[in-house]
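Understanding the architecture of this molecule
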Amino acid sequence: MSAILPPSERLWWKTPISGQEWAWIGIAFVWAMVMFVMMVYWHINGKQNLSNEVYKTTTEMFQAKTDAFVKENTIRTEDSLANPDLKMPVVKPNDKGEAFLLGRLWSWYPILELEAGKTYKIHLSSVDYNHGFSLQPTNINIQVIPGYEHVVKMTPTKAGTYAIVCNEYCGIGHHTMLGRIYVK
Ligand code: CUA
């Protein structure tokens, strides 16, 4: 019998499962269960899988909320990373710690300035296509999807300049889609 010819025994699926096969099915099942439990375990005890909240929104609504946040809390402007001719506002969230960060072709808007040790709620969304929020050099990775508002709780612990890169391919300018977060 070969893989090309039809099986000699037409009702091959009625052949009883051999002991060895049962053993492998058992091993695979146990391993799947171990990995399932590990997902929950790492969520609680590891540093993976942020406990995000996600809400439905619209691109217009999110744009408006971000604009209001920028208007209220801008402390200065800097040259944009993608286009030095453009100015990018640097925004410091107020005492409530609510911050808005918007992804679009091809930049992260605005630049955030945070304080080490304070807890923030970063609202993340896109106003055009799917983008990926990757915070360097930390291991934080979030899908940024238009129509959905992710609320990420963050407590920066170390001062420095953090880079945001887009890690979801979003067109010809994908590699220029950079952003910044300052922690003071
Ligand atoms: Cu945005 Cu890639």
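Structure's up top.
Presented here is an overview of the structure given in this document. Just so we're clear, the structure is a prediction, and the values are computed from it rather than from any experiment.

A word on the overall build of the protein chain. Looking only at helices and strands, one finds 2 helices and 12 strands in the protein chain. Scanning the protein chain from its N terminus toward the C terminus, one meets helices and strands in the order α-β-α-β-β-β-β-β-β-β-β-β-β-β. Taken over C-alpha atoms, the radius of gyration comes to 24 Å for the protein chain, far larger than the 16 Å a tight globule of 184 residues would show. Its C-alpha atoms put the protein chain at 75 × 40 × 30 Å along the principal axes. The 184 residues of the protein chain split such that 34% are buried. Sequence-distant contacts, at least 24 apart, represent 56% of the contacts inside the protein chain between residues at least 6 apart. Counting every atom, the protein chain has about 12000 Å² of accessible surface; 62% of that belongs to carbon and sulfur.

By convention here, two paired aromatic rings are described through the distance between centres and the angle between planes. According to the stated counting rule, one finds 4 aromatic pairs in the structure shown. Measuring from centroid to centroid gives 5.8 Å for Phe62 and Phe100, while their planes differ by 55 degrees, and the two rings are tilted. Residue Phe62 is found in helix α2 (residues 59–73), and its partner Phe100 is found in strand β4 (residues 98–104); the two are separated by 38 residues along the sequence. For the pair shown, Phe62 and Phe100 are each scored as buried. When the ring of Phe69 is compared with that of Phe100, the centres are 5.8 Å apart and the planes differ by 50 degrees; the resulting orientation is tilted. You can see Phe69 sitting in helix α2 and its partner Phe100 sitting in strand β4, a full 31 residues away along the chain.

Now for the sheet that holds strand β8 (residues 131–136). Reading across the sheet, the 7 strands line up as β2-β3-β6-β12-β11-β8-β9 and stay open at both edges, with mixed pairing between neighbours. Edge strands, defined here as strands with exactly one partner in the open sheet, are β2 (74–79) and β9 (140–144). On average, adjacent strands in this sheet sit at an angle of 25 degrees to one another, irrespective of strand direction. Sheet topology places strand β3 (residues 87–91) next to strand β6 (residues 111–114); 2 bridges connect them, and they run parallel. Within the sheet, the bridge partner assigned to Val90 lies in β6 and is Ile111.

The next subject is empty space enclosed by the protein. Enumeration over the complete set of coordinates arrives at 1 cavity of 30 Å³ or more. The computed volume of the largest cavity comes to approximately 50 Å³. Together, 10 residues line the largest cavity, and Leu81, Met88, Trp108, Leu178 and Gly179 are the ones closest to its centre. For the lining of the largest cavity, the secondary structure elements donating two or more residues are β5 (107–109) and β12 (178–183). A total of 3 residues in the lining of the largest cavity trace back to one element, the largest contributor, which is β12. Of the residues contributing to the lining of the largest cavity, the split by class is 6 nonpolar, 3 polar and 1 charged.

What follows deals with the side chain of His150. Residue position: His150 is located in strand β10 (residues 148–154). In this structure the side chain of His150 is engaged in a polar contact, spanning 3.2 Å, whose partner is the backbone oxygen of Gln143. Not counting residues up to four positions away in its chain, the partners in contact with His150 are Asn52, Glu53, Val54, Ile122, His123, Leu124, Ile142 and Gln143.

Now for the pairing of β4. Most of β4 is tucked away: 5 of the 7 residues are buried. Sheet topology note: the β4/β5 ladder contains 3 bridges and is antiparallel. Residue Leu102 lies in a different strand from β5, and its bridge partner there is Tyr109. What sits between β4 and β5 in their antiparallel hairpin is a turn of 2 residues.

The rules behind the values
Residues numbered from 1 in each chain as written. Predicted model: local features only at pLDDT ≥ 70, side-chain atom pairs only at ≥ 80, totals over all residues. Heavy atoms only, no water. Helix = DSSP H or I, 4+ residues; strand = E, 2+ residues; numbered from the N terminus. Rg over C-alpha atoms; globule rule 2.2 N^0.38 Å. Buried < 20%, exposed > 50% of the residue type's maximum accessible area, 1.4 Å probe, protein only. Contact = heavy atoms within 4.5 Å. Areas by Shrake-Rupley, 256 points an atom, 1.4 Å probe, with all protein chains shown as cover. Phe/Tyr/Trp six-rings, centres within 6.5 Å; stacked < 30°, edge-to-face > 60°. Pairing = 2+ DSSP bridges. Axes fitted to C-alpha atoms, helices over the stretch in contact; angles between N-to-C directions. 1 Å grid on protein atoms, 1.4 Å probe; cavity = no way out; pocket = protein on both sides within 12 Å on 5 of 7 lines; lining within 4 Å. Points joined across faces, edges and corners; volume = space filled by probe spheres on them. Nonpolar A, V, L, I, M, F, W, Y, C, P; charged D, E, K, R; others polar. Polar contact = N/O pair within 3.5 Å; in protein donor to acceptor, adjacent residues only side chain to side chain.

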